There are 2 protein chains.
Amino acid sequence: MTLRQLRHWAFGRALRTRESVHQTIGKTVGLAVFASDSLSSVAYAGGEILLILAVLGATYYWLSIPITVAISGLLIILTLSYRQTIFAYPSGGGAYIVARDNFGEQAAQVAGAALLVDYILTVAVSISSGVDQIASMFPVLFNYKVQIALLLILFITLMNLRGVKESGRVFAVPTYWFVGMMLLLIGTGLAKAVFGQLGTVTDVPGVDHTVENLTGFAFVFLLLRAFSSGTTAVTGVEAISNGITAFKPPKSRNAAITLMWDASLLMIMFLGLGVLGYLAGAQPSEQEVLISQVARTVYGEGLLQFITLLSAMVILIMAANTSFADFPRLAALQAGDGFLPRQFTFRGSRLVFSWGVILLAAFASLLIIVFQGSVSRLIPLYAIGVFISFTLSQSGMARRWLKTGRLMYAGKLTPETEIPTLGSILHYDRHWMWKMLLNGFGAVITSIVAIIFLVTKFLSGAWIVVILMPFLVWLFDQIHGHYKRVATILSTAGETFRGQQRPVETIILVGDVHRETMRLVEFANSLGVPWKGVHIAVNEERVAEVQRKWQERVGIGELVILRSPYRSLTRPLYTYVRKRLRQNPGGYIHLVMGELRTGSPLSQLLHQNAHIIEQLALSDLDGVVTTLVPFPLEKYAHLSPDAHEEHHDDAVQETVIVAGQKEEES
Amino acid sequence: MTLRQLRHWAFGRALRTRESVHQTIGKTVGLAVFASDSLSSVAYAGGEILLILAVLGATYYWLSIPITVAISGLLIILTLSYRQTIFAYPSGGGAYIVARDNFGEQAAQVAGAALLVDYILTVAVSISSGVDQIASMFPVLFNYKVQIALLLILFITLMNLRGVKESGRVFAVPTYWFVGMMLLLIGTGLAKAVFGQLGTVTDVPGVDHTVENLTGFAFVFLLLRAFSSGTTAVTGVEAISNGITAFKPPKSRNAAITLMWDASLLMIMFLGLGVLGYLAGAQPSEQEVLISQVARTVYGEGLLQFITLLSAMVILIMAANTSFADFPRLAALQAGDGFLPRQFTFRGSRLVFSWGVILLAAFASLLIIVFQGSVSRLIPLYAIGVFISFTLSQSGMARRWLKTGRLMYAGKLTPETEIPTLGSILHYDRHWMWKMLLNGFGAVITSIVAIIFLVTKFLSGAWIVVILMPFLVWLFDQIHGHYKRVATILSTAGETFRGQQRPVETIILVGDVHRETMRLVEFANSLGVPWKGVHIAVNEERVAEVQRKWQERVGIGELVILRSPYRSLTRPLYTYVRKRLRQNPGGYIHLVMGELRTGSPLSQLLHQNAHIIEQLALSDLDGVVTTLVPFPLEKYAHLSPDAHEEHHDDAVQETVIVAGQKEEES
C-alpha cells in the first residue's frame, strides 16, 4: 500500500472546492451543529458555581439561584446583541471579522488571539467535563481520566482529518438527545418537587470542604468568583454568527431564528438544572457532576441516570468538535491576512485545514496533561478569552452603527444607496441609534464581566492568559512583518527577464561505480550538458578501485578525486565548490546526486541519504543548484534475480568503510 | 553564526585520520583509561551483595565475605584467560572479533548484541551509582536523582562529540585519585580495626528490611542471588583486551601488564572494602552507599568522607565514558560488516562516531528514566550481557587453541610458519593444550555464572534481556540481508555505459511570477535545455493575474496552467507528470523548483517548502528528477531597500489564498 492509498483509506475521498458550498443546512440541523458548544456548558457551569460557594458552607448554596438568574440576564443581552450581528454580517460575523472591519487589523489580531486561546480551552474543558460526566457513575474511570481524554481528542482529530461532512450531520441526533434528556430530567424533577416527592442528594463522593466565615469585601469577592465560573455557561452563543453562510437561504433569518432557539434552550436548561439542584440539595463535588447528582435523586441510580450522563458526555465531545471546525478556519483567515504561517491556508484533501486541526489537538492535549483534566483548574483560563472577543465584537458593532448614523446625517447613506466595507455592506437604517445602544450596552456588560473574571481568577490561572495574549499579538505582528518584507524583496514590478545566461558547471557526485551511478551518468548525458564526476575519497584505499571501475564501466567523462583526510563527506566538497564558484563568479554549480529509494520507510533508514547531508553542508553557498535522480531499487530487482554469488565483487565493499583493526582509539 | 561555525565552536577542530594512530598511550595512562570501568564497580558491587543478604538479617551479613572471596576467584580466572587473548589478538581482541574469528558471523552477532546491551547498561548503572555516591552525603540530592543523572549523560555526550582526545588524558588523574582514596580508606580502616579503634556504622538512612527465615533451597537461591549481584564487580576487565592497539609498543606486553595491575587493584579494593565493611558493621541501604558508611566510620563525617565519595563519583562517570568510546566503535565494526545501519560507520568531524554516541546516550537515559536511576533495579539487566560475551570470548579462544593443536599435529603449523585468520594470525605454540584448558575453564565458569545470573534474576529483570537479545540478533540479520540484496541489485559487473540518451522534459514549477521565479527561468535558460513553465491553479481567481505577469515579465516559454478543483498542490501535478511519462516511455521528467531560504531556521518555518511536499507526492513515479534552485532571500534584500509601498502590487496577494467570507463550512 502506498502512502497515497493509505491516506485515502484513512481520510476518505477528497471533496471539490465547490462541494463545500452545497453543504448548507436548515435550522434543525443548524441548531444541532452550532448549539452543541453553548448548550453543553450546562453540564459544568452550575457545578462550578457550587464548587466556589462550597467555601461559604451549605447554608449559602441558595446564592447559586440569583447568580444563575444574573447569568441568564447576561445571556439575553448577548443574544439580542448577536442577533444584530447576524443581520449586519450575512457572510459571517465572527469577532475577528467584525473587529477587523470596524477597528482595523490590530484589534482583529487581539480578537484572533483571544479566539484561538478560547478554541483550545473549549476542547480541553469540554473533553475533561465529558469524562467527568461518565466517571461520575463509574468512579474507577477517574484514575484514567487523562488517558481517556487524550484518546477522545485523538478520535475527534481523526474524524476531522477525514472531513467536515460527517462532523455536521452525524452529530445532529445527539444534540436533540441531550436536550430531550435534560428537559425530561428538569420536568420530572420539578414535577416531583411540586408534589413533594423529590428526594435529597446523598452520598456525594469527595465532598470535604473547609467552611470559612467570610464577610464584607471577601464575601462579595467570592460571589463574583462564583459568578465568573458560572459565565462559562454563555460561552458558545457566538458560534452561530460565525457560521451564517452554512445555513439555507434566507441565511441571516434562519441563523437568527436558530440563535433564538439556542439561547432559549440554554436558559431553560441552565436555570432549570440550577433550581432543581438547589431543591434537591446538590453538593459541590469534583467527583460527581451536578447532572449525575440530580439524575440519581430524581430517577434513582440506574439506566435513566446513565443515559442522561451519556448524552451529556456526547454533547460535550461535539462541543469540542465545534472548535475543530472553528480553529482551523480562523487560523486560515489570519494566515490569509499574513499574520500566521502560510501553511494554515492549505486545505487538506477533504476541505479541512489539517494543519490547524493538528495544532489544536496538540495544544488541547497539552493543557489536559498539565491540568490533569480538571475542569475547575482549566476554567480560570477559559472564559476570559471569550469575553474579550465578545467585547471586541459588540463594541465593533456599536461603532458600525455610529458610522451608519454619521453617514446618514451627512446624506451619504440613503435608503437607495449602500456602502461596502472590508467585510460587509452598510445600509440605511432608521433604528441605528437603538441598535448602537444595544450593542454598546452588550460591550459594556461583557467588558465588565471580563474584568470581574480577570480580577477574581487572576491568581488561579487568568494570569497565564494575561501573559499569553500580548505575546500572541506580538507574534502575529512579527509574522506579518516578515511576510511583508519577503513580498517587498520578491517584488519584480517593472523588471523583466532579458534572456540572460550564466555559466553552469554540472557535477555528478560519485560515491561508487554501480548501477545507481550509471543512472546519474545517463541522466546527465540525456540532459545534453557538459559534466564531470567528483568522488570524495573518504576511504583512501578504495580510490584506485573506483577509478578502475569508472574507466571500465563508464569510460567517458572526467572523474575528479577529492581527498578527505578528515574522512568528512562534506568538507572537501564544500571547499571544492567554493573554489569553483570563485573561479566562475555569478555562475551556477549544478550538483547531480543519486537517491536510493528502497520502497519502504523502514529499509530507507538503512541508507545514508547523502543528498540531505550535502545539501545542508552547502546551504550557505549562493549559486549551488542540486538535482536529485531517484533510483527506485525494486524496479531494478529483476535485473539480478540469481546474482547472489557475485555481490562480493562489487557493492558489499561499499559497506566496509571501517576496517576493524585500524579503528582503535584511546 | 552559521551552522558550521556553531559546530566548530561546540565540537572543536577536526582531527585528521592519521592523528588517531599517534595517540598511543603508556601503561600508566592506559590503566587510567581502561581500568575505570572495572575499578569503579567496587563502588556498588559490595553494597549490592549486602542488599540481597538483608533478607536474612544482620546475623548473616558475614556471608558477604565468602561471596566476595568467590568472586575474587572468578576474577583471577578471567584475568589469566584474557591475558592469553591479549597476546593472541595483538590488534584488538574484543568478544565480537574473537567470536567472529573462531565461530563465524552468527556467534559474532550474538556477542555484538550482548556487548551493545552491556555498554548501554554500563552507562546507566555507573551514572546512577555515581549520583548515589554523592547523594549519600547530601540526601537532598536523591530527590533530583534522575535529573542529575540525565545532566551527567548530557555532559559526557557533549564531551565525546567534541572528540576522544580529551576523554583519554584529561581523565587520567581521577583514576589514581580514586585508587589512592580507596587504599587510604582500606589501610586506615584495617589499621584501626587491628588496634581495636574501628567504630561501628550507625544511623544508616532508609534501613527497614523485613527479615525472613529462609532454609534449604530458598537459602541457597538467595546466596546465589547475592553472588550474582556481586559479579558486577568483574565487569569491565575485558576493556583492555579491546584496546590493545592504543598502547605503545610492545603493545601486547604493555596491555597484559596493565591488565595485571588492573585486576590486582580491583581485587585488593573489592576484598578490602568487603572485609572492612563487615568489620565496621555496614548496613544494606539504598540511601547510603557502602563507601560512605565505611568512610564516615573510619574518618568521621566530613571532608575526607566527601573527597572519597567525590572520587568514587568521578571514576563512575569515567566508567560511563568508557562505554561512549566502546559502543560507537563496536557499532562501526558491526555496521562495517553490514549488520547495522551504514550510518554508524560515519566518523564525526573529530574522529568519533557521532551516531553511536547519540544512540547510546538516548538508550541509557531511557533506562535511567524507566528504572528511576536505581542501581538495584538496573543490575538484573546488567551482568548477563557481560557474561554471555565472556563465555563467547573464552570458548572462542579455546577453539582457537584446539585448531592450533590440530594444525600442529597435521604438520601444517611449524615454528617457522604462521597461518593468518580473519582477525589475527595462528602461531606454533607448544603450550596450546594448557592454554586451551585455561580458556576452556574460563568459558565453563563464565557460562555457569551466566546461568546462575539468569535464573536468580529472571523475574527481577533478566527476562528483558532474554527477549531483547534474540530480537537484536534477528534485527542484525534482517539488516544484513537487506544490504546483501541491495548490493546484488546495484552490482554492474560486466555491464558498461554505452552513451545511451533518454528524452528529458524540463518543467519549471511556477507558484507566482516574482524574483524567485525569474531565477528559476534564468537557471533553466542558462542550462540551455528546452523547458516550459507549469502553474498549479490552487486559486482560480489568480490565474489571469499569473498569466499576465508571465507575459509581461518573462515573455518567453510556454506557461501551462493546471486546474486544481480540489485546491490540492500535488494532485494536478501528479496526474500531469504521470501523463507525460506515459507519452514518453523511458524518458525523464525534470522538475525545476525554487526554495526560498530566509537564512534563519525560525523564519524558514514560515515558508511552505513546497519542494518537500511535491517530491513526496511524486515519489512513486519512476523517472522524475527534481532540481532545487535555492533563493537566498537576504542576498536580494538590498535590491528593494525602500520599496515598502509597492508590495500591494505583487507578492502579498500570494498570501491571500483564503478569501475570508467564502470559507464557511458547517
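### Thoughts on the overall build of chain A
Phase 1 of the analysis: In terms of helices and strands, chain A carries 25 helices and 7 strands.
Phase 2 of the analysis: A total of 666 residues make up chain A; the buried ones form 59% of that total.
Phase 3 of the analysis: For chain A, long-range pairs separated by at least 24 residues make up 80% of all intrachain contacts whose partners lie at least 6 apart in sequence.
Phase 4 of the analysis: Approximately 26400 Å² of chain A is accessible, and the part contributed by carbon and sulfur atoms is 64%.

### What about the environment of Leu378 of chain A?
All names here are of chain A.
Phase 1 of the analysis: By the secondary structure assignment, Leu378 is in helix H17 (residues 375–409).
Phase 2 of the analysis: Given the relative accessible area of 0%, Leu378 is considered buried.
Phase 3 of the analysis: Each C-alpha atom, one on Leu378 and one on Val125, is 6.5 Å from the other, the two residues being 253 residues apart in sequence.
Phase 4 of the analysis: Setting aside anything within four residues of it in sequence, one finds Leu378 in contact with Leu121, Ala124, Val125, Ser128, Leu367 and Phe371.

### Some thoughts on the nonpolar core
Phase 1 of the analysis: The biggest cluster of nonpolar side chains holds 145 residues, and the ones touching the most others in it are Ile127 and Ile291 of chain B.
Phase 2 of the analysis: With 17 residues, helix H7 (residues 105–135) of chain B is the single largest residue contributor to this core.
Phase 3 of the analysis: Contacts of Ile127 of chain B, omitting those with residues within four sequence positions, involve Thr122, Ala149, Leu152, Ile153, Ile156, Ile317, Ala320 and Ile368 of chain B.
Phase 4 of the analysis: Residues Ala43, Ile120, Leu333 and Val473 of chain A belong to the second largest nonpolar core, which totals 143 residues.

### Examining the side chain of Ser252 of chain B
All names here are of chain B.
Phase 1 of the analysis: Relative to the elements of secondary structure, Ser252 occurs in helix H13 (residues 251–280).
Phase 2 of the analysis: Given the relative accessible area of 12%, Ser252 is considered buried.
Phase 3 of the analysis: When near neighbours in sequence (up to four residues on either side) are disregarded, Ser252 contacts Ile86, Phe87, Pro90 and Ile244.

### Digging into the pairing of strand E4 (residues 531–537) of chain B
Residues in a regular strand point their side chains to alternate faces of the sheet.
All names here are of chain B.
Phase 1 of the analysis: Counting buried positions along E4 yields 7 of 7 residues, so the element is predominantly enclosed.
Phase 2 of the analysis: Along E4, one buried face is formed by Trp531, Gly533, His535 and Ala537 and the opposite face, lined by Lys532, Val534 and Ile536, is buried too.
Phase 3 of the analysis: On the question of chirality, the crossover connecting strand E3 (residues 504–509) to the parallel E4 by way of helix H19 (residues 515–527) is right-handed.
Phase 4 of the analysis: Bridge count between E4 and strand E5 (residues 559–563): 5 bridges; the pairing is parallel. Bridge pairing links Ile536 to Leu562 in E5.
Phase 5 of the analysis: Where the polypeptide runs from E4 across helix H20 (residues 543–554) and back to E5, its parallel neighbour, the crossover connection is right-handed.

### Points about unusual backbone geometry
Phase 1 of the analysis: Of note, the bond from Pro249 of chain A into Pro250 of chain A is cis; its omega dihedral lies within 30 degrees of zero at -5 degrees.
Phase 2 of the analysis: If you trace the backbone, Pro250 of chain A turns up in the loop between helix H12 (239–242) and helix H13 (251–280).
Phase 3 of the analysis: Phi at Asp203 of chain A is positive, roughly 50 degrees, even though this residue is not glycine.
Phase 4 of the analysis: Topologically, Asp203 of chain A is positioned in the loop between helix H10 (172–194) and helix H11 (216–230).
Phase 5 of the analysis: Assessed through its relative accessible area of 71%, Asp203 of chain A is described here as exposed.
Phase 6 of the analysis: The phi torsion at Gln372 of chain B lies on the positive side, around 50 degrees, for a residue other than glycine.
Phase 7 of the analysis: Assignment of secondary structure puts Gln372 of chain B in the loop between helix H16 (354–370) and helix H17 (375–409).

### Digging into the packing of helix H5 (residues 64–88) of chain A against H17 of chain A
The axes of two packed helices give the description: the angle between them and the distance between them.
Residues and elements named next belong to chain A.
Phase 1 of the analysis: Between H5 and H17, whose axes approach to 11 Å, the crossing angle comes to 55 degrees. Classified by the angle their axes make, H5 and H17 are oblique. Regarding H5 and H17, the two cross each other, and that crossing is left-handed. Within the contact between the two elements, H5 uses Leu74, Leu78, Ser81, Tyr82, Gln84, Thr85 and Ala88 and H17 uses Phe387, Phe390, Ser393, Gln394, Met397, Arg400 and Trp401.

### A short note on the sheet that holds strand E6 (residues 588–597) of chain B
Phase 1 of the analysis: Spatial ordering of the open sheet is given by E5(A)-E4(A)-E3(A)-E6(A)-E7(A)-E7(B)-E6(B)-E3(B)-E4(B)-E5(B), a layout of 10 strands whose pairing is mixed. The open sheet has two free edges, formed respectively by strand E5 (559–563) of chain A together with E5 of chain B, since each of these has just one partner strand. Averaged over all pairs of adjacent strands, the angle between their axes in this sheet comes to 30 degrees, without regard to strand direction.
Phase 2 of the analysis: In this structure, E3 of chain B lies alongside E4 of chain B, joined through 4 bridges in parallel fashion.

### So, the packing of helix H3 (residues 27–40) of chain A against H10 of chain A
Residues and elements named next belong to chain A.
Phase 1 of the analysis: Closest axis-to-axis distance for the H3/H10 pair is 8 Å, and the angle between their directions is 60 degrees. In terms of axis orientation, H3 runs oblique to H10. Considering only the axes of H3 and H10, their crossing is left-handed. Contact residues: H3 offers Thr28, Leu31, Ala32, Ser36 and Leu39, while H10 offers Ala172, Thr175, Tyr176, Phe178 and Val179.
Phase 2 of the analysis: When grouped by side-chain class, the residues that make up the contact of H3 with H10 number 7 nonpolar, 3 polar and no charged.

### Section: the side chain of Asp37 of chain A
Residue and element names in this part refer to chain A.
Phase 1 of the analysis: Along the chain, Asp37 turns up in helix H3.
Phase 2 of the analysis: No salt bridge forms around the buried Asp37; measuring N to O, its nearest opposite-charge neighbour Arg329 is 10 Å away.
Phase 3 of the analysis: Contacts of Asp37, omitting those with residues within four sequence positions, involve Thr122, Thr235, Gly236, Ala319, Thr322 and Tyr382.

### Considering a nonpolar patch on the surface
Residue and element names in this part refer to chain A.
Phase 1 of the analysis: Residues Tyr60, Trp62, Leu190, Val275, Tyr278 and Leu279 make up a contiguous nonpolar surface patch of about 520 Å² in total accessible area.
Phase 2 of the analysis: The dominant element in the nonpolar patch, judged by the number of residues it contributes, is H13, at 3 residues.
Phase 3 of the analysis: By the secondary structure assignment, Leu279 is in helix H13.

### Regarding the packing of aromatic side chains
Phase 1 of the analysis: For the coordinates displayed, the defined rule picks out 20 aromatic pairs over all chains.
Phase 2 of the analysis: Considering the side-chain rings of Phe217 of chain B and Phe221 of chain B, the 5.9 Å spacing of their centres and the 35 degrees angle between planes classify their relative orientation as tilted. You can see Phe217 of chain B and its partner Phe221 of chain B sitting in helix H11 (residues 216–230), 4 residues apart, about one turn around the helix.
Phase 3 of the analysis: Owing to a relative accessible area of 68%, Phe217 of chain B belongs among the exposed residues under this scheme.
Phase 4 of the analysis: Members of the aromatic cluster, each reached through a chain of ring pairs, are Tyr82, Phe387 and Phe390 of chain A.
Phase 5 of the analysis: Its end group placed over the ring of Tyr89 of chain A, Arg400 of chain A keeps NZ or CZ at 4.9 Å from the ring centre.
Phase 6 of the analysis: The ring centre of Tyr588 of chain A lies 4.5 Å from the NZ or CZ of Arg502 of chain A, which sits over that ring.

### Overview of the pairing of E6 of chain B
All names here are of chain B.
Phase 1 of the analysis: Burial analysis of E6 places 8 of its 10 residues in the buried class, which makes it a mostly covered element.
Phase 2 of the analysis: In the sheet, E3 pairs with E6 via 5 bridges, with the strands oriented parallel. Opposite Val504, over in E6, you have Tyr588 as the bridge partner.
Phase 3 of the analysis: With 9 bridges connecting them, E6 and strand E7 (residues 624–632) associate as parallel partners. Within the sheet, the bridge partner assigned to Glu595 lies in E7 and is Pro630.

### Here we look at helix H14 (residues 290–299) of chain B
Residue and element names in this part refer to chain B.
Phase 1 of the analysis: Where burial is concerned, most of H14 is hidden: 9 out of the 10 residues are buried.
Phase 2 of the analysis: Among the residues of H14, those classed as buried are Leu290, Ile291, Ser292, Gln293, Val294, Ala295, Arg296, Thr297 and Val298.
Phase 3 of the analysis: Here the buried face of H14 lies against helix H4 (42–53), H7, helix H10 (172–194), H13 and helix H15 (303–336).

### Topic: the confidence of the model for chain A
All names here are of chain A.
Phase 1 of the analysis: Mean pLDDT over chain A: 83, with 88% of residues reaching 70 or higher.
Phase 2 of the analysis: Looking across chain A, the model is least confident in helix H25 (residues 652–655), with a mean pLDDT of 31, and most confident in helix H7 (residues 105–135), with 93.
Phase 3 of the analysis: Note on residues 9–22: pLDDT is under 50 here. Beyond four places in sequence and across chains, it has 29 contacts.
Phase 4 of the analysis: Note on residues 641–666: pLDDT under 50 across the span, and 63 contacts to partners over four residues away in sequence or across chains.

### Looking at the pattern of salt bridges
Phase 1 of the analysis: A complete count under the given rule lists 28 salt bridges over all chains for this structure.
Phase 2 of the analysis: Between Arg519 of chain A and Asp622 of chain B there is a salt bridge whose closest N-O contact spans 3.2 Å. In this pair, Arg519 of chain A sits in helix H19 (residues 515–527) while Asp622 of chain B sits in the loop between helix H23 (610–617) and E7, so the two residues belong to two different chains.
Phase 3 of the analysis: Overall, the relative accessible area of 5% leaves Arg519 of chain A in the buried class.
Phase 4 of the analysis: By relative accessible area, Asp622 of chain B is classed as partly exposed at 29%.
Phase 5 of the analysis: For Arg580 of chain B, the salt bridge goes to Glu505 of chain B, with nearest N and O atoms at 2.7 Å. On the criterion of sequence distance, the pair formed by Arg580 of chain B in helix H21 (residues 571–583) and Glu505 of chain B in strand E3 is long-range, its members being 75 residues apart. No difference in accessibility class separates Arg580 of chain B from Glu505 of chain B, as the two residues are buried.

### With respect to the environment of Gln478 of chain B
Residues and elements named next belong to chain B.
Phase 1 of the analysis: Tracing the backbone through its elements, the reader meets Gln478 in helix H18 (residues 432–490).
Phase 2 of the analysis: Note on Gln478: relative accessible area 43%, which makes it partly exposed.
Phase 3 of the analysis: Between the C-alpha atom of Gln478 and that of Phe339, which follows or precedes it by 139 residues, the distance is 8.0 Å.

Cut-off values and rules
Along every chain, residues carry numbers that run from 1 in the direction the sequence is written. Chain labels run from A onward and ligand labels from 1 onward, assigned in the order the entries are written. The predicted nature of this model means local features are confined to residues of pLDDT at least 70 and side-chain atom pairs, given and counted, to a pLDDT of 80 or more, with totals for whole chains, interfaces and linings taken over all residues. Each side-chain value is worked out from all heavy atoms of the structure, with water and hydrogens disregarded. Strands are runs of DSSP state E lasting at least two residues, helices are runs of H or I lasting at least four, and both sets are numbered from the N terminus onward. The rule is simple: take the accessible area with a 1.4 Å probe, protein chains only, and divide by the maximum for that residue type; under 20% is buried, over 50% is exposed, in between is partly exposed. The contact rule is simple, with two residues in contact once any of their heavy atoms fall within 4.5 Å. Note on areas: Shrake-Rupley with a 1.4 Å probe; residue coverage comes only from the protein chains shown. What we call a nonpolar core is a set of buried Ala, Val, Leu, Ile, Met, Phe, Trp, Tyr and Cys residues that are connected through their side-chain atoms within 4.5 Å. Look down the strands so they point away from you; if the path from the first strand over the helix to the second goes clockwise, the crossover is right-handed. For two strands to be treated as a pair, DSSP must find no fewer than two bridges joining them. For every element, the axis is a line fit to its C-alpha atoms; helices are fit only across the contacting stretch, and the angle between N-to-C directions ranges from 0 to 180 degrees. To sort the angles, those under 35 degrees are grouped as roughly parallel, those over 145 as roughly antiparallel, those from 65 to 115 as roughly perpendicular, and the leftovers as oblique. In this scheme, a crossing is called left-handed if the near helix is turned counterclockwise away from the far one by less than a right angle; it is called right-handed if the turn is clockwise. Under the convention adopted here, Pro, Cys and the residues Ala, Val, Leu, Ile, Met, Phe, Trp and Tyr are nonpolar, Asp, Glu, Lys and Arg are charged, and Gly plus all remaining residues are polar. Counting rule applied: Lys, Arg positive; Asp, Glu negative; His and chain ends not counted. Whenever Lys or Arg places a side-chain nitrogen within 4 Å of a carboxyl oxygen from Asp or Glu, that contact is recorded as a salt bridge. By definition, no residue in a patch forms a salt bridge, and every one has over 30% relative accessible area; like charges are joined within 9 Å, nonpolar side chains (Val, Leu, Ile, Met, Phe, Trp, Tyr) within 5 Å. Stacked, edge-to-face and tilted labels apply to pairs of Phe, Tyr and Trp rings (six-membered ring for Trp) whose centres lie within 6.5 Å, assigned for plane angles under 30 degrees, over 60, and everything in between, in that order. In our convention, an over-ring charge means Lys NZ or Arg CZ found within 6 Å of a ring centre and within 35 degrees of that ring's normal. pLDDT measures the predictor's confidence residue by residue and takes values from 0 up to 100.

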